[in-house]
Amino acid sequence: MGAWGELAFDNDSANDWAYGLEEANDLAPVEAAISEVESVGSGYLEVDASSAALAACEVLARLQGRPGYTNAYTEKVDRWVAAHPQVVPPALINRGSSAIDRILAQNSELRELWEESDAAAWLAGVADLRSRLG
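Values in this document were obtained by computation on a predicted structure and should not be read as measured data.

J.: Run through a negative patch on the surface, naming residues and quoting values.
T.: Taken together, Asp12, Asp16, Glu36, Glu46 and Asp48 make up a surface patch of like negative charges. Mapping Glu46 onto the fold places it in the loop between α2 (28-40) and α3 (47-63).

J.: Describe the packing of α3 against helix α7 (residues 119-133), listing the residues and the values that go with them.
T.: When two helices pack together, their arrangement is captured by the angle between the axes and the distance separating the axes. Relative orientation of the contacting elements α3 and α7 amounts to 40 degrees, with a least axis distance of 8 Å. Here α7 runs oblique to α3, going by the angle between their axes. Once α3 is placed against α7, the crossing between them reads as left-handed. In this structure, α3 contributes Leu54, Cys57, Glu58, Leu60 and Ala61 to the contact, and α7 contributes Trp122, Val126, Leu129, Arg132 and Leu133. Looking at the contact of α3 with α7, its residues break down into eight nonpolar, no polar and two charged.

J.: Lay out the packing of helix α5 (residues 90-104) against α7 in plain terms, naming residues and giving numbers.
T.: Look at α5 against α7: their axes get within 10 Å of each other, and the N-to-C directions meet at 165 degrees. Considering their axes alone, α5 and α7 lie roughly antiparallel with respect to each other. The element α5 and its partner α7 pack so that their crossing is left-handed. The residues of α7 that touch α5, namely those facing Ile93, Gly96, Ser97, Ile100, Asp101, Ile103 and Leu104, are Trp122, Leu123, Val126, Leu129, Arg130 and Leu133. Here the residues of the contact of α5 with α7 sort into nine nonpolar, two polar and two charged.

J.: Let's hear about the pattern of salt bridges: which residues, and what values?
T.: Throughout the structure, instances matching the rule amount to eight salt bridges. Between Arg62 and Glu58 there is a salt bridge, with its nearest N and O atoms 3.3 Å apart. One end of the pair is Arg62 and the other is Glu58, both in helix α3 and four residues apart, which spans about a single turn. For Arg132, the salt bridge goes to Glu58, with nearest N and O atoms at 2.6 Å. Of this pair, Arg132 sits in helix α7 while Glu58 sits in helix α3, and the two are 74 residues apart along the sequence.

J.: How would you explain the nonpolar core if you had to name every residue and give the values?
T.: Counting residues in hydrophobic clusters, the biggest one holds 41 residues, and the most contacted among them are Phe9, Trp17, Val30, Leu54, Val59 and Trp80. Of all elements in the fold, only α1 (12-21), α2, α3, α4 (75-83), α5, α6 (109-115) and α7 reach the threshold of two or more residues within this core. Counting residues per element, this core draws most heavily on α3, at 12 residues.

Thresholds, definitions, all that
- Residues numbered from 1 in each chain as written.
- Predicted model: local features only at pLDDT ≥ 70, side-chain atom pairs only at ≥ 80, totals over all residues.
- Heavy atoms only, no water.
- Patch = residues over 30% accessible without salt bridge, like charges linked within 9 Å, V, L, I, M, F, W, Y side chains within 5 Å.
- Areas by Shrake-Rupley, 256 points an atom, 1.4 Å probe, with all protein chains shown as cover.
- Salt bridge = Lys/Arg side-chain N within 4 Å of Asp/Glu carboxyl O.
- Lys, Arg positive; Asp, Glu negative; His and termini not counted.
- Charge placed at Lys NZ, Arg CZ, Asp CG, Glu CD.
- Helix = DSSP H or I, 4+ residues; strand = E, 2+ residues; numbered from the N terminus.
- Axes fitted to C-alpha atoms, helices over the stretch in contact; angles between N-to-C directions.
- Parallel < 35°, antiparallel > 145°, perpendicular 65-115°, else oblique.
- Left-handed = near helix turned anticlockwise from the far one by under 90°.
- Contact = heavy atoms within 4.5 Å.
- Nonpolar A, V, L, I, M, F, W, Y, C, P; charged D, E, K, R; others polar.
- Core = buried A, V, L, I, M, F, W, Y, C linked by side-chain atoms within 4.5 Å.
- Buried < 20%, exposed > 50% of the residue type's maximum accessible area, 1.4 Å probe, protein only.

These values are about where atoms sit, not about what they do.
Written out as structure tokens, the structure is:
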């Protein structure tokens, strides 16, 4: 995993996903990222799908005015959010929250990778995202 920190955009997968978001005019990439996690069910959830879903949840939190943090890696997402203000459907927020639950559950490669290093810092970042998601 190409990660340099515990925050949602501190990895290559999330940043690659964010470049795709720049091309969108709606929440289709957000819904697609969450759907990918949902489609796995209880099967093995790979790191790239988890990273994209966490990035998608960051977009949802930011659209609700809860950015939490900004840095060089969030700039493109923050520009997109500013250019596409909208009310986030409650059902999509619920799906995002469920995706976070799934990422933290068994058979999650991202969780397994963080358990090999500093899981506490990553878990704190995910908990913060969950609280900002609503």
